[in-house]
Amino acid sequence: QVQLVESGGGLVQTGGSLRLSCAASGRAFSSYVMGWFRQAPGKEREFVARFSRSGGFTEYVDSVKGRFTISRDNAKNMVYLQMNSLKPEDTAVYYCAATRSYGDYSQHTTYEYWGQGTQVTVSP
């Protein structure tokens, strides 16, 4: 089992940057696929990015490609989401997620563990 705690959200102007962090507690962190999702008011939870267990494979939703970068530090049990060139449509609660399951990693149902979320607001 793993517990996840996000931090780093806040209010930023269009074009600005934020770095989200996700601290994981528990054993065998490197055995989990780690993902970031977001949910805006009145919308469904949306896949943003994910990082594989090993090998450094990453995947992004098209709307953030070239602007967001996911990374992980297995020695520190940390996952990060660097967000650059932020837009108002990036405004949402961002969630860190983890899973040992195999499946479609762009689907929130594949993930077993979730953080509490951190608010990101991008002003026009």
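Before going into details, it helps to say that this report is about the structure given with it. Every chain begins its residue count from 1, and numbering advances along the sequence as written. At least 70 in pLDDT is required for a residue's local features to be given in this predicted model, at least 80 for side-chain atom pairs to be given and counted, and no such filter applies to totals for whole chains, interfaces and linings, which use all residues. Just so you know, side-chain values use all the structure's heavy atoms and leave hydrogens and water out.

Looking at the overall build of the protein
Basically, it comes down to this: Going along the chain from the N terminus, every DSSP run of H or I of four or more residues is numbered as a helix, and every run of E of two or more is numbered as a strand. Computation of the radius of gyration draws on C-alpha atoms alone. For the globule rule, the value is 2.2 Å times the number of residues to the power 0.38. Categorising residues by exposure relies on relative accessible area from a 1.4 Å probe, with only protein chains included: less than 20% of the type maximum marks a residue as buried, more than 50% marks it as exposed, and the intermediate range marks it as partly exposed. Any two residues having at least one pair of non-hydrogen atoms within 4.5 Å are treated as being in contact.
Tallying secondary structure elements over the protein gives zero helices and eleven strands in all. When its helices and strands are written in sequence order, the protein yields β-β-β-β-β-β-β-β-β-β-β. Taking 14 Å as the expected radius of gyration for a compact globule of 124 residues, we find that the protein reaches 13 Å, a close match to that expectation. In terms of overall dimensions, the protein has a C-alpha envelope of 40 × 25 × 25 Å along the principal axes. Per-residue burial over the protein gives 45% buried out of 124 residues. Of all intrachain contacts in the protein linking residues separated by at least 6 positions in sequence, the fraction that spans at least 24 positions is 58%.

Quick notes on the packing of aromatic side chains
Heads up, the rule is: Only centres within 6.5 Å qualify two rings of Phe, Tyr or Trp (six-membered ring in Trp) as a pair; their planes then separate them into stacked at under 30 degrees, edge-to-face at over 60, and tilted for everything else.
In the structure shown here, the tally under the stated rule is seven aromatic pairs. Note on tyrosine 32 and tyrosine 113: the rings are 6.1 Å apart at their centroids and 70° apart in plane angle, and the pair reads as edge-to-face. Of the two residues, tyrosine 32 sits in the loop between β3 (18-25) and β4 (33-39) while tyrosine 113 sits in strand β10 (residues 113-114), which places them 81 residues apart along the sequence. Accessibility expressed as a relative area gives 1% for tyrosine 32, which makes it buried.

Brief notes about the state of the cysteines
Definition in use: Here, the term disulfide refers to a pair of cysteine sulfur atoms separated by no more than 2.5 Å.
This structure, assessed with the given rule, holds one disulfide. With a sulfur-sulfur separation of 2.1 Å, cysteine 22 is cross-linked through a disulfide to cysteine 96. Across the disulfide from cysteine 22 to cysteine 96, rotation about the S-S bond amounts to roughly -80°, and the bridge is consequently left-handed. Placement of the pair is cysteine 22 in strand β3 and cysteine 96 in strand β9 (residues 92-99), with a sequence separation of 74 residues.

Keep in mind that these numbers describe shape and distance, not what the molecule does.
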